[in-house]
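# Coordinate analysis (summary)
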Amino acid sequence: MMALRFEVLGRFNRARAARLTLPHFTSETPLFMPVGTQGTIKGLTTKQLEEIGCQIILGNTYHLALRPTSELIDELGGLHKFMNWPRALLTDSGGFQMVSLLHLADITEEGVTFQSPVDGKPMLLTPEESIQIQNRIGADIIMALDDVVKTTITGPRIEEAMHRTLRWIDRCIAAHKRPREQNLFGIVQGGLDPVLRDLCVQGLVERNLPGYAIGGLAGGEDKDSFWRVVAQCTASLPETKPRYVMGVGYPLDIVVCSALGADMYDCVYPTRTARFGTALVPGGVLRLKHQSMSADTRPIDSTCECMVCKKYTRAYLHCLVTKDAMGSQLLSYHNLYYMMQLSRNLHSSIIQGTFPEFVCNFLRNMFPKGDVPEWVCNAMEVAGVDISSCCHNT
Amino acid sequence: MPQAERRERIFDGAVQESKPENEKMKFAVKAWSKSGRARVGLLQLSSSFAQGGPPAKEIEIETPALLLTTRKGLPAFISPDHLSSLPSPDSRLLQFSPMHFMEGPNSNTISTIGGVHQLLGLPDYGFIALPRDSILSLPECSSSNKHGASFETPCGRFLVKPLEYMKMISSMKPDLWVSLADEVHASVTVKRNKASVDRTIRWLDDCISLKSTDGALFGSIVGGSSIEERQHCAQEVAKRNVSGFYLGGFGLGDNVDERSKLLHAVTDLLPKEKPRQVCGLGLPEEVLQGVAAGIDLFDSMYIYHLTLGGFALIFPLDGKCKQVWDSQQIAMGSDGTKINLKATIYRKDTSRIVDGCICYTCQNHTKAYINHLLNVHEMLAQILLEIHNTHHYLCFFRVIREAIREGRFAELRHTFIENRRDYLLAASLGSRVL
Ligand SMILES: [Zn+2]
Ligand SMILES: [Zn+2]
């Protein structure tokens, strides 16, 4: 059973541009999904998120279950209605947040045990419970509870986690009460081990889920390992289902993963970095706190069409960032606009058959000296995208 | 705005010609209340002169009006796209202090950008520069001296002399600006108060002789709680070539009960055809008190403080100010004019802050959602509250203007205050019963 339609509209080798029809919105991939942890993207209204072009936004199950609680969200008609977001939503399983935020979280066969941040009592999040909470929140896409292990860990724990993730997916599927309205995505685990990743992909694909996520990345592994895992998983996941690389959000990573055939991404990076005064620009990042910005009368990015770039100078933003709420509002607006424009450009260049030109242009802006990192060159070779024109290191 | 166009405007701005004082701003009284002090006026600004560009449309605002208090030229939480969804033209006057920019951008940079209208990306808005506000630039009278006024700001204390002040004004090119004043706390000695009047008049003369801007000048009137000093100051300032008046020294420890007397003593001496601005009268009762004394322009720092506290304005805007007393609201410490959305009773409340309010917040969000945002300390709570509260307060000013025009102002003021008193009484009785 699935509550989505995934139509590939164009391809360039492994890269694809698709239309993803979800219960609340029809979105276009490749797609960056901003993170709205507690039922809001920090500092932006839903009207602005629509203007920016956001199509799917994330809610964090762990945070929402604590406050305002999934029962309350359910009683008030689901998260879409609660936060007045007419477009699509995705919730994570809550497991990753627990393991990364709580010191005393421990994973057993039953689920994730943790100390309640409210009263300190021991608590347990089972796959069944994670799905039940996500059913109450009501997002278009919900994620299976997986056994998350840091990619930097090696040894038998990785294998155990992969097998447990497969055992848990069946419990998630069995617990899922709203398959006609919500799409359950399975998460590929297996660390950096190609054999384990392969077993996990096969196991999940047998379950015929509406979509698949590649998990356990963006956790400090080296870039070469990172892209190889993505490349391996995208090569064996079904062509007809969306592929979501979890926690990935640097523009360069998104371009590389899209070239390798991934479709969806999420990251707190664009909004978090905005709060620290950093703007995303074609050349990389612009640190607006820097003294050199204080008299700079140019916009953040002269090629950006967003409200902030049309109205404000770097000099003005320099005096706002990290001091005034408006500084983080305006920078978050620009950064999300940048990410959504990147998504739109990826989608349209694949459809128009100009994907390699887009990639080269992107890399030329980011690495004007031609010093494109080797891992990017290697990944692009596997993706069949010729970047020799912007890549001068041999 | 594209770079080329922006540059062109800056160039035009550099060759602008100085206009005579009476053409920079127009003001006309349209209606008087029965008491003869409260008035409805029309303030007209031509927004184009500040940038020197092609003639832009005029901003016409009816008074009594609310000036939106800003941090560095923008409301604390309302971004420019949401600013434009507030009632217009009512919301088109923004107040800022040049002291907000002490840490930058510097005068040269602001000048290069083309002044505050360009800096803030709001060419169609009117900007009013005032040395002090009640948020980021507080007068620090114990450090002021004969050379200049001292202000406490988030980036430190600054002594500002007339020459520096005028340098800031001419780079910022506001539509209206207030002369540098020595605003003192109500508790200062008679001697210190007298000195503040002398300085303020002298600095006004300095500002007039140094000015190189087209913005209309409002002369500052101080004098603390001394009627004689205030009257002396008002008479001196009224002799000068000014477009309007700013009544300083309020909201600085002054006694609310004696305020009407002081306000009247000043406004009765001022020429009727020029606008009067005040800072530091924020509460609805204080606004009504100011309007009754013939004040035309108020600041909105009250909205800012409400918003930070999680409060939403709810008092009726039908001009009758009839209250429905809700025992639950009373129990939550509401005073009938506002509610605190942090209160647990709003946890599941899917109603709007004010039924029928057409602001962005009420059109899109419930009390339950804002309660959640406040609980988890999300900035969207302040954004939504500032939008609603500003909208609501702008509508309050509309109600005031209508009442003056229809000869009901005294009645409106009386009813509002009586209702609030009754509400507080009911609240105290209610809590006793509980
Ligand atoms: Zn931009
Ligand atoms: Zn409202």
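Reading the values: the criteria
- Residue positions within a chain follow its written sequence, with the count starting from 1.
- Chains carry letters and ligands carry numbers; both start at the beginning, A for chains and 1 for ligands, and go up in the order they are written.
- Local features are withheld for residues below a pLDDT of 70 in this predicted model, meaning they are given only at 70 or higher, and side-chain atom pairs are given and counted only at 80 or more; totals for whole chains, interfaces and linings count all residues.
- To get the side-chain values, take all heavy atoms of the structure and skip hydrogens and water.
- Contacts are assigned to residue pairs with any non-hydrogen atoms lying within 4.5 Å of each other.
- A simple way to read buried area is as the amount of 1.4 Å-probe accessible surface that goes missing from two parts once joined, with both sides added.
- Salt bridge, as used here, is a side-chain nitrogen of Lys or Arg placed within 4 Å of a carboxyl oxygen of Asp or Glu.
- Polar contact is the term for a pair of N or O atoms within 3.5 Å; when the atoms are in protein, one must be able to donate a hydrogen and the other to accept it, and sequence-neighboring residues count only if both atoms are side-chain atoms.
- The numbering of helices and of strands both runs from the N terminus, where a helix is a DSSP run of H or I of at least 4 residues and a strand a run of E of at least 2.
- In this count, Pro and Cys sit with the nonpolar residues alongside Ala, Val, Leu, Ile, Met, Phe, Trp and Tyr, while Asp, Glu, Lys and Arg are called charged and the others, Gly among them, polar.
- Side-chain rings of Phe, Tyr and Trp (the six-membered ring for Trp) are treated as a pair once their centres are within 6.5 Å; stacked means planes under 30 degrees apart, edge-to-face means over 60, and tilted covers the remaining angles.
- Remark: exposure states derive from per-residue accessible area (1.4 Å probe, protein chains only) relative to the maximum for the residue type, with buried under 20%, exposed over 50%, and partly exposed in between.
- The distinction between a cavity and a pocket rests on a 1 Å grid over the protein atoms alone: a 1.4 Å probe fits inside a cavity but cannot get out, while a pocket stays open yet meets protein on both sides within 12 Å along at least five of seven lines, and a residue with an atom within 4 Å of a point counts as lining.
- Grid points are joined across faces, edges and corners, and a volume is the space filled by probe spheres set on the points.
- Each metal site is built from N, O and S donor atoms within 2.8 Å (3.2 Å for Na, K and Ca), and since water is not included, such sites may look incomplete.
- By the criteria applied here, four donors are tetrahedral when all angles lie between 85 and 135 degrees, four are square planar and six octahedral when opposite donors are over 155 degrees apart and every other angle lies between 65 and 115, and any other arrangement is irregular.
- At least two DSSP bridges between two strands are required for those strands to pair.
- Annotation comment: domain bounds sourced from an automatic or database domain assignment.
- In this description, a nonpolar core means a group of buried Ala, Val, Leu, Ile, Met, Phe, Trp, Tyr and Cys residues linked to one another through side-chain atoms lying within 4.5 Å.

### Brief notes about the interface of chain A and chain B
- Taken together, the 42 residues of chain A in the interface contact 43 residues of chain B.
- Taken together, both faces of the contact between chain A and chain B bury some 3600 Å²; the carbon and sulfur share is 55%.
- Applying the counting rule to chain A against chain B returns 5 salt bridges.
- Notably, a salt bridge pairs A:Glu75 with B:Lys348, separated by 3.1 Å at the nearest N-O pair.
- For the pair chain A and chain B, the interface holds 21 residue pairs in polar contact (both at pLDDT 80 or more).
- Listing elements by their share of the side of chain A that touches chain B, those giving two or more residues are α1 (46-52), α3 (70-75), α4 (79-83), α12 (307-311), α13 (314-320) and α14 (325-351) of chain A.
- The element that contributes the greatest number of residues to the side of chain A that touches chain B is α14(A), accounting for 6 residues.
- Considered class by class, the residues forming the side of chain A that touches chain B number 18 nonpolar, 14 polar and 10 charged.

### Thoughts on the packing of aromatic side chains
All names here are of chain A.
- With the rule as written, the count across this model stands at 16 aromatic pairs over all chains.
- Measuring from centroid to centroid gives 4.6 Å for Tyr250 and Tyr269, while their planes differ by 70 degrees, and the two rings are edge-to-face. Placement of Tyr250 in the loop between β13 (243-245) and α10 (251-259) and of Tyr269 in helix α11 (residues 269-275) is noted, with a sequence separation of 19 residues between them.
- Overall, Tyr269 belongs to the buried group, its relative accessible area being 18%.
- Their ring planes at 35 degrees and their centres at 6.4 Å tell us that Phe358 and Phe362 sit as a pair that is tilted. Of this pair, Phe358 and Phe362 are both found in helix α15 (residues 355-366), 4 residues apart, which corresponds to roughly one turn of the helix.

### Focus on empty space enclosed by the protein
Residue and element names in this part refer to chain B.
- The final tally for this structure, using the stated rule, is 3 cavities of 30 Å³ or more.
- In this structure, the largest cavity encloses a volume near 40 Å³.
- Leu68, Thr69, Pro75, Ser300, Ile303, Tyr304, Glu386 and Thr390 are the residues that line the largest cavity.
- Breaking the lining of the largest cavity down by element, the ones donating at least two residues are β4 (65-69), α11 (301-308) and α15 (380-405).

### Notes on the layout of surface pockets
Residues and elements named next belong to chain A.
- Of the pockets and cavities examined, the largest pocket occupies roughly 1400 Å³.
- Taken together, 50 residues make up the lining of the largest pocket; nearest its centre are Phe96, Gln97, Ser100, Ala218 and Gly247.
- Contributing elements (two or more residues each) for the lining of the largest pocket: α5 (95-101), α9 (223-236), β14 (264-267) and α11.
- Each residue belonging to the lining of the largest pocket can be placed in one class, and the counts come to 21 nonpolar, 17 polar and 12 charged.

### Details of the coordination of the zinc ion (ligand 1)
Residues and elements named next belong to chain A.
- Distances from the zinc ion (ligand 1) to its protein donors, Cys304 (SG), Cys306 (SG), Cys309 (SG) and His334 (ND1), fall at 2.1 to 2.3 Å.
- Considering all 4 donor atoms around the zinc ion (ligand 1), angles at the metal cover 98 to 116 degrees and the coordination shape is tetrahedral.
- Along the chain, the residues donating to the zinc ion (ligand 1) are arranged with the sequence spacing C-x1-C-x2-C-x24-H. Of the two residues, Cys309 is situated in helix α12 and His334 in helix α14; the sequence distance between them amounts to 25 residues. Accessibility classification places Cys309 together with His334 in one group, the buried group.

### A closer look at the sheet that holds strand β8 (residues 149-153) of chain B
- The strand order across the open sheet formed by 3 strands is β7-β8-β9 (chain B), and the pairing between neighbours is antiparallel. The strands lining the two open edges of the sheet, one partner per strand, are β7 (138-139) and β9 (156-160) of chain B.

### Notes on the side chain of B:Arg132
- Examined against the element boundaries, B:Arg132 turns out to sit in the loop between β6 (126-129) and β7.
- At 2.9 Å, the side chain of B:Arg132 and the backbone oxygen of B:Phe250 are in polar contact.

### Topic: helix α10 (residues 284-292) of chain B
Residues and elements named next belong to chain B.
- Burial analysis of α10 places 9 of its 9 residues in the buried class, the great majority of the element.
- All of the buried residues along α10 are Pro284, Glu285, Glu286, Val287, Leu288, Gln289, Gly290, Val291 and Ala292.
- Gly294 sits one or two positions beyond α10 and adopts a positive phi of about 95 degrees.

### Examining the side chain of B:Gln382
- Mapped onto the elements, B:Gln382 comes out in helix α15.
- If near-sequence neighbours (up to four positions away) are discounted, B:Gln382 is found in contact with B:Phe77, B:Thr307, B:Leu308 and B:Leu374.

### With respect to the domain arrangement of chain A
Residues and elements named next belong to chain A.
- Under the domain assignment, chain A is made up of domain 1 (5-267) and domain 2 (354-394).
- Listed per partner, the contact involves 17 residues of domain 1 and 16 residues of domain 2.
- Summed over both sides, the interface between domain 1 and domain 2 buries roughly 1400 Å², with carbon and sulfur atoms accounting for 85% of that surface.
- Where domain 1 touches domain 2, the interface holds 0 salt bridges.
- Those elements giving two or more residues to the side of domain 1 that touches domain 2 turn out to be α9 and α10.
- Among the residues making up the side of domain 1 that touches domain 2, the classes are represented as 11 nonpolar, 1 polar and 5 charged.

### So, the nonpolar core
- Grouped together as the largest cluster of nonpolar side chains are 249 residues, with contacts concentrated most on A:Tyr244, A:Ile300, A:Leu363, A:Ile387, B:Tyr165 and B:Tyr393.
- Considering each element in turn, this core owes the most residues, 14 residues, to α15(B).
- Those residues in contact with A:Ile300 that lie beyond four places of it in its chain are A:Ala279, A:Val281, A:Leu286, A:Leu288, A:Val308, A:Cys309, A:Tyr312, A:Arg314, A:Leu317, A:Leu331 and A:His334.
- With 18 residues, the next largest nonpolar core counts B:Met25, B:Ile61, B:Ile128 and B:Leu297 among its residues.

### Concerning unusual backbone geometry
- Note that the residue after B:Thr63, namely B:Pro64, is joined by a cis bond; omega there is 0 degrees.
- Mapped onto the fold, B:Pro64 is located in the loop between β3 (58-63) and β4.
- Look at the link from B:Ser88 to B:Pro89: it is a cis peptide, with omega at 5 degrees.
- Relative to the elements of secondary structure, B:Pro89 occurs in the loop between α3 (80-83) and β5 (93-96).
- Phi is positive for A:Thr69, close to 90 degrees, though the residue is something other than glycine.
- You can see A:Thr69 is positioned in the loop between α2 (61-66) and α3.
- Since its relative accessible area comes to 19%, A:Thr69 is described here as buried.
- Despite not being glycine, B:His377 has its phi angle at roughly 55 degrees, a positive value.
- Tracing the chain through its elements places B:His377 in the loop between α14 (367-375) and α15.

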